[in-house]
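What follows is the residue order along each chain.
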Amino acid sequence: MIPVAEALDRLFALVRPLEAEDVALTDCAGRVLARTVNARRTQPPFAASAMDGYAVVGDQVAPGAKFTVIGEAAAGHAFDGVVAVGQAVRIFTGAPIPSGASHVVIQEDVERTGDTITLNDNLDSGSNIRPAGGDFVEGAELTGPRRLSPAHIALAAAMNLPKLPVTRRPIVAIMATGNELVMPGETPKDDQIIASNNFGLKALLESRGAEVRMLPIARDTHEALRLGFDLARGADLVVTIGGASVGDHDLVAPVAADLGMETSFYKIAMRPGKPLMAGKLGDMAMVGLPGNPVSALVCGQIFLCPLIDVMLGLPAAAAPRLTARLAAPLTANGPREHYMRARVEAGEITAYDNQDSSLLGILADANALLVRPVRDPAQDIGATVEYIAI
Ligand SMILES: Nc1nc2c(c(=O)[nH]1)N[C@H]1C(S)=C(S)[C@@H](COP(=O)(O)OP(=O)(O)OC[C@H]3O[C@@H](n4cnc5c(N)ncnc54)[C@H](O)[C@@H]3O)O[C@H]1N2
Ligand code: MOO
């Protein structure tokens, strides 16, 4: 059994950042910007009004001052002339500030009679002018690699970048294995159950930016598993679920070995997730997850998500850890790092009493994995512990 951190490092060594592709902004949600891009224009490109009101010469602004309105400036319709002392231009939010003007008096602070405006006593402070380039200037950087948020996509649009270079989505083939499994909606025999964790993993990895191919469930035979690996060909990563342990029907490792897998590791000091395996099958990285639903999904969070990040060109990093105080005591931990299903509420964390790795109900209720170091002694209420938000 190797430590979790070493397993993660060995996994990182199995993959590399994938190539970039140009994608229209409308399709960039959830994608990773592959490299730094530069603004193709300045925003705002001109000094612009931040409010609806009247553009005037700034040092004329005082209670009771009068101005003659000589024209109008709206967003998309600039005023061509020049504003002189005693003159005002009716202006709307987003419109270019006319030459000569240096202040916008908001319309609430003005009495208008015909073409004359008179300023009120309680004038709003500030010029209400957004300077040219106040947001960004031509050439400004949107740095990559980075995962694109909705705000980054809007920023790229404002920079006049209709397409962005994003990293190709890693293709992940997921193969559930087991004679006992049928698909949701099918009618299981008395000794069968419904396949579940492959669906959870698909959702998890897609939310991280992968393109997932769900392979048919492979029965516990050499032929079925070989066929499954064959169907996975062309993927960047093949993930098997189940058949990883030491039972007579746990055939994933022997079949992968027959197919020429170069094993990186098998078995890790982690609970749940002990029988995790990894290696390289031709050009594909291969990860064999334990079949227990919680084990598979926790390993997905701890190993597969960071692996997807590396393929997307993001830094190689373990899931970030936060800290909270224990709301209930914990008994001593054993020889495996324990990722306990837990709930964090108002800065306090409570691990569930039942940590059996088959319990999807508890995993679905949990919002954290409380991380117990190897051989961590018993902990009292109030002790500070580390957790990973899920
Ligand atoms: N003698 C030993 N037995 C076991 C050991 C051990 O060290 N010695 N390790 C245990 C641990 S820890 C784990 S974890 C499991 C992992 O076993 P496998 O990876 O071989 O998984 P299976 O036996 O195929 O399945 C385990 C369990 O999960 C269910 N399963 C499998 N796939 C799915 C799926 N896609 N959706 C829902 N449920 C699934 C399966 O029916 C079993 O109940 O081994 C322990 N045993
Ligand atoms: O390690 Mo297993 O994954 O405890 O259930």
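Small disclaimer: the values here were computed from a predicted structure and weren't measured. (Residues numbered from 1 in each chain as written. Chains lettered and ligands numbered in written order. Predicted model: local features only at pLDDT ≥ 70, side-chain atom pairs only at ≥ 80, totals over all residues.)

Engineer: What should I look at first to understand the overall build of the chain in this one?
Structural biologist: For the chain, the count of helices and strands is seven helices and 28 strands. The globule rule puts the C-alpha radius of gyration for 390 residues at 21 Å, and the 31 Å found for the chain is more than 25% above it. Looking at the chain residue by residue over its 390 residues, the buried ones come to 39%. Across the chain, every contact between residues at least 6 apart in sequence was considered, and the portion connecting residues at least 24 apart equals 69%. (Helix = DSSP H or I, 4+ residues; strand = E, 2+ residues; numbered from the N terminus. Rg over C-alpha atoms; globule rule 2.2 N^0.38 Å. Buried ≥ 20, exposed ≤ 12 C-beta atoms within 10 Å, placed from the backbone. Contact = placed C-beta atoms within 7 Å.)

Engineer: Got a minute to help me understand the domain arrangement of the chain in this structure?
Structural biologist: Size of an interface: often given as the accessible area lost when the parts come together. Split by domain assignment, the chain resolves into domain 1 (4-17 + 168-311), domain 2 (20-41 + 137-167), domain 3 (48-130) and domain 4 (322-389). Domain 2 and domain 3 are separated by 37 Å when their C-alpha centres are compared. (Domains from an automatic or database assignment.)

Engineer: Please explain the environment of S99 as it appears in this structure.
Structural biologist: Note that S99 resides in the loop between β7 (87-91) and β8 (103-106). Expressed as a C-alpha distance, the spacing of S99 and G81, which sit 18 residues apart in the sequence, is 7.0 Å. Residue contacts for S99: discarding those within four places in its chain leaves V82 and V83.

Engineer: Which parts of the structure should I look at to understand the site of ligand 1?
Structural biologist: Around ligand 1, 25 residues are found, and the nearest of them are G242, A244, S245, P290 and G291. If you list the elements that add at least two residues to the shell around ligand 1, you get α3 (197-208) and α6 (293-311). A per-class count over the shell around ligand 1 returns eleven nonpolar, eleven polar and three charged. (Near = placed C-beta within 6 Å. Nonpolar A, V, L, I, M, F, W, Y, C, P; charged D, E, K, R; others polar.)

Engineer: Explain the pairing of strand β15 (residues 171-176) here, please?
Structural biologist: Regular strands show a simple pattern: their side chains alternate between the two faces of the sheet. The element β15 is extensively covered by neighbouring structure, given that five of its six residues are classed as buried. As judged from the four bridges shared by β15 and strand β18 (residues 211-214), these two strands associate in the parallel manner. The partner of I174 across the bridge, within β18, is M214. The pairing of β15 with strand β19 (residues 237-241) spans five bridges and is parallel. Among the inter-strand pairings, V172 is bridged to a residue of β19, identified as L237. (Pairing = 2+ DSSP bridges.)

Engineer: I would appreciate a short explanation of the sheet that holds strand β22 (residues 277-281) in the present structure.
Structural biologist: Strand-to-strand pairing in sheets goes through backbone hydrogen bonds, with the strands running parallel or antiparallel. Strand order across the open sheet formed by six strands is β18-β15-β19-β23-β22-β20, with mixed pairing between neighbours. Each edge of the sheet is formed by a strand with only one pairing partner; in this case those strands are β18 and β20 (262-266). Each adjacent strand pair in this sheet contributes to an overall mean axis angle of 20 degrees, direction not counted. Inspection of the sheet shows β20 paired to β22 by four bridges, in the antiparallel sense. Each residue of the ladder has a partner; that of F265, found in β22, is A278. (Axes fitted to C-alpha atoms, helices over the stretch in contact; angles between N-to-C directions.)

Engineer: Can you help me understand the sheet that holds strand β6 (residues 66-73) in this one?
Structural biologist: Here six strands make up an open sheet; going across it, the order is β8-β5-β7-β6-β10-β9 and the pairing mixed. Looking at strand neighbours, the two that pair on one side only are β8 and β9 (110-113), the edges of this open sheet. For this sheet the average axis-to-axis angle between neighbouring strands, irrespective of direction, equals 40 degrees. Judged from the three bridges that link them, strand β5 (residues 53-56) and β7 form a sheet pairing that is antiparallel. Each bridged residue has a counterpart across the sheet, and for G53 the counterpart in β7 is I91.

Engineer: Looking at this structure, I do not really get the UniProt feature "domain: MoaB/Mog" (unreviewed entry) in the chain. What am I missing?
Structural biologist: The sites that carry the UniProt feature "domain: MoaB/Mog" (unreviewed entry) are, in the present numbering, residues 173-310. For the annotated span residues 173-310, helix accounts for 35% and strand for 25% of the residues, and the straight-line distance between the end C-alpha atoms is 17 Å. (UniProt positions renumbered as here; feature names shortened; annotations may be inferred.)

Engineer: When you look at the nonpolar core in this model, what are you seeing that I'm missing?
Structural biologist: Note on soluble globular proteins: their nonpolar side chains tend to be buried together. In this structure, V238, V239 and L370 are the most contacted members of the largest nonpolar core, which totals 84 residues. Other than its neighbours up to four places away in sequence, V239 contacts V172, I174, L201, V287, L289 and L304. Membership of the second largest hydrophobic core comes to 20 residues, among which are Y54, A73, F79 and V83. (Core = buried A, V, L, I, M, F, W, Y, C linked by C-beta atoms within 7 Å.)

Engineer: I tried to follow the pairing of strand β25 (residues 337-345) on my own but got confused; where do I start?
Structural biologist: Bridging between strand β21 (residues 270-271) and β25 involves two bridges; their strand directions are parallel. Residue pairing in the sheet places M270 in a bridge with E337 of β25. Across five bridges, β25 lies against strand β27 (residues 368-372) in antiparallel orientation. Bridging across to β27, H338 finds its partner in R372.

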